[in-house]
Amino acid sequence: MNGVLPDSQIRSLIAQGTIRADLPVTPEQIQPASLDLRLGATAYRLRASFLAGRGRTIAARLDDFCMHQMDLTAGAVLERGCVYLIPLQERIALPAGMSAVANAKSSTGRLDLLTRLVTDDGTEFDRLPEGYDGPLYAEICPRSFSVLVRPGMRLNQLRLRRGQSVLSDPQLVALNEAQPLVGGAPALIDQGLGFSVDLRPASGDLVGYRARPHSGVIDLDRIGEYPAAEFWDELRTTEGRLILDPGAFYILVSRESVAIPADYAAEMAPYLAMVGEFRVHYAGFFDPGFGIGDSGAGARGVLEVRCHEAPFVLEHGQTVGRLVYERMSARPERLYGEGIKSNYQGQGLKLAKQFR
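Where an unreviewed UniProt entry is consulted, the protein chain appears under the name 2'-deoxycytidine 5'-triphosphate deaminase, with the organism given as Paracoccus nototheniae.

Written as structure tokens, this is what we have:
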């Protein structure tokens, strides 16, 4: 059946050798609708980001762009503003009819840690065409904070699919009528489910955070370790608007709470390039069961926002992104938050798990 592959089918691909790894894949890597990918033991500092290009390999092009090589075994710092390439422990041989897409994990995006999948023969980031057989690499560019990484850390994830299973707007309308997908605002369905920004919180005046430049190094393994005030400025307003500064990185939250039913997965995508001088999200995967939990009340989406060339006024209720829903090829054995360490189930405005 066409659709996004659930955890049980990912395990089958591993058993068949379609997905292979330097070290055995661990149960913790297998999510309801994706596979976490692990960093290898070597990083290459690049002078520029690059794609292999059709008919060429990453290894063959590395000499053109590599400045130096780093051993990650004892831990190493990836410095803010620099570009690194790290071979991943996993490799894949996709069969006919199966493709894959990658995206940063939630905490990776909330740290402004630009992480993209690159491959041999690649002409775009984060995309694996059917029939791809080869190694996988993570290109990492810390944008706001320098970070300490080690082999085995999981910064991005891979979602596999058979065929095409994206819901059309009429199908999404029907799903929303059968099982409400959104709370807190009317459902805006236009090439997916629209997301707007909340700048008028129900209580208080805290609407978001802005990354502080020149902060310290963050060890990604240290959960709840770092005082938020040393890395983030709080943003408070009672006016229902913010002026975004060019080059700045923000954590905001959606006005809507959303739910992903068990037989579906979703991905957050930018709304439209012409909406404004900013881009929303690095981490875009929403797993089956997100926002459902015990209450079924939905969870709000955290928005990772970067402003570009000009200052921009962002106003309460402005549409900034959209959720594209896809069918699962089968229901996952475990949903998001069920027996899985899901740090962001039931979330509101929330920083990455390394902060307290």
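Asker: Explanation requested: the overall build of the protein chain in the structure shown.
Answerer: The helix and strand tally for the protein chain stands at 4 helices and 27 strands. Taken over the C-alpha trace, the protein chain has a radius of gyration of 20 Å; the compact-globule value for 356 residues is 21 Å, and the two agree within 12%. With respect to the principal axes defined by its C-alpha atoms, the protein chain has extents near 55 × 50 × 35 Å. Buried residues in the protein chain amount to 54% of all 356 residues. For the protein chain, contacts bridging at least 24 residues in sequence account for 82% of all contacts bridging at least 6.

Asker: Looking at this structure, I do not really get helix α1 (residues 7-16). What am I missing?
Answerer: An α-helical turn contains 3.6 residues, so a residue and the one three or four places further along point in the same direction. Among all positions of α1, only D7, Q9, I10 and L13 are buried. For α1, the angular spread of the buried residues around the axis is 165 degrees, confining them to a single face. Opposite its buried face, α1 presents the exposed residues A15 and Q16, each directed more than 90 degrees away. Considering only its buried residues, α1 is in contact with β2 (19-21), β3 (30-31), β4 (34-38), β9 (98-104) and β14 (154-162).

Asker: Looking at this model, I keep getting lost on the state of the cysteines. Mind explaining?
Answerer: Two cysteines form a disulfide when their sulfur atoms are joined by a covalent bond. Applying the stated criterion across every chain yields a total of 0 disulfides. No disulfide involves C141; its nearest neighbouring cysteine sulfur is the one of C82, lying 7.6 Å away. Here C307 is not disulfide-linked; the sulfur of C141 is the nearest cysteine sulfur, at 18 Å.

Asker: So what exactly am I meant to see when it comes to the side chain of D112 here?
Answerer: With respect to the secondary-structure elements, D112 resides in the loop between α3 (106-110) and β10 (113-119). On the basis of relative accessibility, which here comes to 0%, the residue D112 falls in the buried class. Among the polar contacts listed, one links the side chain of D112 to the side chain of S144, at a separation of 2.6 Å.

Asker: When you look at the sheet that holds strand β13 (residues 147-149) in this model, what are you seeing that I'm missing?
Answerer: Sheet strands pair by backbone hydrogen bonding; their relative direction is either parallel or antiparallel. Pairing is mixed in the open sheet, where 3 strands are placed in the order β7-β13-β18. Each having just a single partner strand, β7 (76-78) and β18 (218-219) make up the two edges of the open sheet.

Asker: Help me out: how do you make sense of the UniProt feature "domain: 2'-deoxycytidine 5'-triphosphate deaminase N-terminal" (unreviewed entry) in the protein chain in this one?
Answerer: What UniProt calls "domain: 2'-deoxycytidine 5'-triphosphate deaminase N-terminal" (unreviewed entry) maps, in this numbering, to residues 2-164. When the span residues 2-164 is considered, its composition is 14% helix and 46% strand, and the gap between its end C-alpha atoms is 7 Å.

Asker: Is there a simple way to think about the side chain of Q31 in this case?
Answerer: Considering the arrangement of structural elements, one finds Q31 in strand β3. Within polar-contact distance, the side chain of Q31 engages the backbone oxygen of E28 at 3.0 Å.

Conventions we followed
- Residues numbered from 1 in each chain as written.
- Predicted model: local features only at pLDDT ≥ 70, side-chain atom pairs only at ≥ 80, totals over all residues.
- Heavy atoms only, no water.
- Helix = DSSP H or I, 4+ residues; strand = E, 2+ residues; numbered from the N terminus.
- Rg over C-alpha atoms; globule rule 2.2 N^0.38 Å.
- Buried < 20%, exposed > 50% of the residue type's maximum accessible area, 1.4 Å probe, protein only.
- Contact = heavy atoms within 4.5 Å.
- Arc of directions from axis to C-beta.
- Disulfide = S-S within 2.5 Å.
- Polar contact = N/O pair within 3.5 Å; in protein donor to acceptor, adjacent residues only side chain to side chain.
- Pairing = 2+ DSSP bridges.
- UniProt positions renumbered as here; feature names shortened; annotations may be inferred.

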